[in-house]
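Here is what each chain is made of, one letter per residue.
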Number of protein chains: 2
Amino acid sequence: MNRRTTLGAALAAPALLAARPALAQPAAAPAPGPAPGPAQAPGFYRFRVGEIVVTTVYDGFVRRNDIRTQLGINATPDEIQAVLDANGLPATGIQNPYIVTFLQTPRGVVALDAGTGAGQLGPGTGLMPQNMAAAGIRPEDVTLVCVSHFHGDHITGLTTAENQPFFPNAEIAVPAREWAWFSDEANAARSPQQQRGTFPNTQRRFGPLRARMRVFEGEPEVAPGIRAIATPGHTPGHTAYHIASGNEQMFYTADASSRPDIFLRQLGWWSMFDFDGQMAIETRRRLFDRIAAERALMTAYHFTFPGAGRVVRDGNAFRFVPVEWSSAV
Amino acid sequence: MNRRTTLGAALAAPALLAARPALAQPAAAPAPGPAPGPAQAPGFYRFRVGEIVVTTVYDGFVRRNDIRTQLGINATPDEIQAVLDANGLPATGIQNPYIVTFLQTPRGVVALDAGTGAGQLGPGTGLMPQNMAAAGIRPEDVTLVCVSHFHGDHITGLTTAENQPFFPNAEIAVPAREWAWFSDEANAARSPQQQRGTFPNTQRRFGPLRARMRVFEGEPEVAPGIRAIATPGHTPGHTAYHIASGNEQMFYTADASSRPDIFLRQLGWWSMFDFDGQMAIETRRRLFDRIAAERALMTAYHFTFPGAGRVVRDGNAFRFVPVEWSSAV
């Protein structure tokens, strides 16, 4: 077992965390040498929005080896280096996390996007199933998946490596503009190179789910208190969601912004993962303007775990204020 | 059982998290009404500094009902309100967390401060023992406790409600200046009102531990790779610690700064918990100047959990950059 396998096993079976003395060092005879690989805490975080319990679930990460060529692709290398320095970030070796937001509503559990699928996108990814288990959320509890867009890290988890539905009881809500673009192979040649893998993966993931799909137009309430927000640019049909319960609210911003220390500060930058960079920056400003004005809670897919917080205006840009972790749900 | 009791029980027995379907909602017959109180994730976070595994352990929180009267006591109400607004903070109802840093070194486990003691400081506090258990750290594994200062939230956990040592095998390293001041009742009358409770608690907590105490002068290496840093002001003998392993390093800043969104931004402010406000602000600037210059990792006692990150210079002040949570330890 390598370290990742060990970690995965430990996360999948939290009882082991307490049972085995991972850090045990006899006081009388300290063990020499480096520490063994102890387990990280399970990756989930809970808070409330009205009568909804929100749980963000960590699905792993991919390492970005050269942030400069992948982020802020319309910025100069010097501009990028200045932002990295201001945030104490290395130009190499940052992590891009994946975070799936679950909503326990009075009508069932809703998943906002579907994760990367256990092991399907390579080392470090696919931790959602074991972190769901640690959080006590079963795939069969999920009655609705609201999809933000069709990039592989958001939809691959809809089906297993064997093409079976991961959420056996869930309806799948899908934005019509996203479906129209990526379900038509004729659009592949009209898409940026970076987006072309999305076409076959769309066929593969939604193929077994066609009978459960609900393709929606515009910005409907897809379930009571959960409303779609058209936020195109990152992809043609990219969709955020607004969650309301009682007099509280929350936004799920999906990929309207990637890491906030860069893309909420540099509002004119876009990334190589944006389908239409100019549209992405207009959408980003509009969405986060609204979130800041309403002082609302939000979750995102690629912010540092737990991926939840608020947004404040700061000069001509925004600043993300992470939620204050608390044991009190 | 109230919610806190339920939460505590769940955290103490993580096996329950996976075993009980906390969010289970049958797809066919959704349960109406608000969600039951599901458990938060166990409060610990791990990363490496050289061959040391660092684990920050969440010990609960106290709610501060009026931040304006307790923080920045040398600032005007308007100045304080401006800072709260800039950070999206309410003037009422913020949480002040407690976080104990553990170091698994090749020579045994070291605790940096001792927590609030299970239940001894009231509701919401005293979660360190159950979060240690979730992390696989046993009290008997701890061979050394390095005390930063003698405020009740840092030393009460040294002994149980029954005055027994919580860490049965640990030596207790104590700064001589702190010991000299708070072990002499004659100093109580010369101390700010807010600090006077520290005198009897010093007697109570260290009484059962006198045979295990090592009172150190100056800035010695208290254990291989762990060096004291005199950082007076918050209390007369407040002490930070520098941790080195291989070519990596980390600082434990204890209470040299309370919450960073206020006290690393407003370098001229001090809090009602500072013994000598002017000395506290001089110490704070000097310590965080060093941490920023060295781009070093740090942990603190009252920063938002997981309480670990880096510090960058930002204008005339500093900005805290939280560690990026990762499943990979």
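Summarised in this report is the structure supplied together with it.

1. Examining the overall build of chain A
Right, on to step 1. A tally of helices and strands in chain A yields 10 helices and 14 strands.
Right, on to step 2. In chain A, buried positions account for 52% of the 329 residues.

2. Digging into helix 10 (residues 277-293) of chain A
Residues and elements named next belong to chain A.
Right, on to step 1. Taking 1.5 Å of rise per residue, the 17 residues of helix 10 would be expected to cover 24 Å, and the 24 Å separating its terminal C-alpha atoms lies within 8% of that figure.
Right, on to step 2. Buried residues of helix 10: A280, I281, T283, R284, L287, F288 and I291, and no others. All buried residues of helix 10 fall inside an arc of 165° around its axis, so they share one side. Counted as exposed and oriented over 90 degrees from the buried face of helix 10: Q278, R286 and A293.
Right, on to step 3. Contacts from the buried residues of helix 10 go to strand 10 (239-245), strand 11 (248-252), helix 9 (260-263), strand 12 (297-299), strand 13 (308-314) and strand 14 (317-322).
Right, on to step 4. Phi for R295, located one or two positions after helix 10, is positive at around 50°.

3. Some points on the environment of V54(A)
Residues and elements named next belong to chain A.
Right, on to step 1. Locating V54 in the fold gives a position in strand 2 (residues 52-64).
Right, on to step 2. Judged by local crowding, V54 falls into the buried class, with 25 C-beta atoms found within 10 Å.
Right, on to step 3. Distance in space between the C-alpha atoms of V54 and V329 is 9.4 Å, their sequence separation being 275 residues.
Right, on to step 4. Beyond its immediate sequence surroundings of up to four residues, V54 is in contact with R46, F47, R48, V49, T101, L103 and M250.

4. Focus on the environment of V109(A)
Residue and element names in this part refer to chain A.
Right, on to step 1. Locating V109 in the fold gives a position in strand 4 (residues 108-112).
Right, on to step 2. In this structure V109 comes out as buried when scored by C-beta crowding, with 29 C-beta atoms within 10 Å.
Right, on to step 3. For the pair V109 and A328, spaced 219 residues apart in the sequence, the C-alpha separation amounts to 21 Å.

5. Considering the sheet that holds strand 8 (residues 221-223) of chain B
Residue and element names in this part refer to chain B.
Right, on to step 1. Read from one edge of the open sheet, 7 strands run 8-9-10-11-12-13-14, paired in mixed fashion. In the strand order of this sheet, the two ends are held by strand 8 and strand 14 (317-322), each with one partner. Direction aside, neighbouring strands of the sheet carry axes that sit 35° apart on average.
Right, on to step 2. The strands touched by helix 10 (residues 277-293) within the sheet are strand 10 (239-245), strand 11 (248-252), strand 12 (297-299), strand 13 (308-314) and strand 14, with strand 13 carrying the most contacts at an inclination of about 100°.

6. Quick word on the nonpolar core
Right, on to step 1. In terms of nonpolar packing, the biggest core is built from 162 residues, with V145(A), C146(A), V145(B) and C146(B) touching the most fellow members.
Right, on to step 2. Discounting chain neighbours no more than four positions away, the residues touching C146(B) are V110(B), L112(B), A173(B), V222(B), I226(B) and Y241(B).

7. Thoughts on the sheet that holds strand 6 (residues 171-175) of chain A
Residue and element names in this part refer to chain A.
Right, on to step 1. Read across the open sheet, the 7 strands follow the order 1-2-3-4-5-6-7; overall the sheet is mixed. On the outer flanks of this sheet lie strand 1 (44-49) and strand 7 (213-216), each paired with one strand and no other. For this sheet, the mean angle separating the axes of adjacent strands, direction not counted, is 25°.
Right, on to step 2. In terms of strand pairing, strand 3 (residues 94-105) meets strand 4 through 5 bridges, oriented antiparallel. By the bridge assignment for strand 4, Q104 is matched with V109.
Right, on to step 3. Each of strand 1, strand 2 and strand 3 touches helix 5 (residues 128-135); the most contacted strand, strand 2, lies at about 150° to it.

What counts and how
- Chains are numbered independently. Their residues run from 1 in the order of the written sequence.
- Chains and ligands are labelled by the order in which they are written, letters from A for the one and numbers from 1 for the other.
- Since the coordinates come from a predicted model, pLDDT governs what is reported: local features require at least 70, and pairs of side-chain atoms require 80 or more to be given and counted, while whole-chain, interface and lining totals use all residues.
- Segments assigned H or I by DSSP are reported as helices when at least four residues long, segments assigned E as strands when at least two residues long, and all are numbered from the N terminus.
- Whether a residue is buried, exposed or partly exposed follows from its count of other C-beta atoms within 10 Å of its own C-beta, namely 20 or more, 12 or fewer, or something in between, respectively; the C-beta atoms are built from the backbone.
- A helix is expected to reach a length of 1.5 Å times the quantity of its residues less one.
- In this description, one arc is meant: the one made by directions from the helix axis to the C-beta atoms.
- In this description, a residue-residue contact is defined by the distance between C-beta atoms placed from the backbone, which must lie within 7 Å.
- Strands are treated as partners if at least two bridges between them are detected by DSSP.
- An axis is simply a line fitted to the C-alpha atoms; with a helix, the fit covers only the stretch in contact. Between two such axes, the angle follows the N-to-C directions and lies from 0 to 180 degrees.
- Linking buried Ala, Val, Leu, Ile, Met, Phe, Trp, Tyr and Cys residues through C-beta atoms within 7 Å yields a set, and such a set is a nonpolar core.

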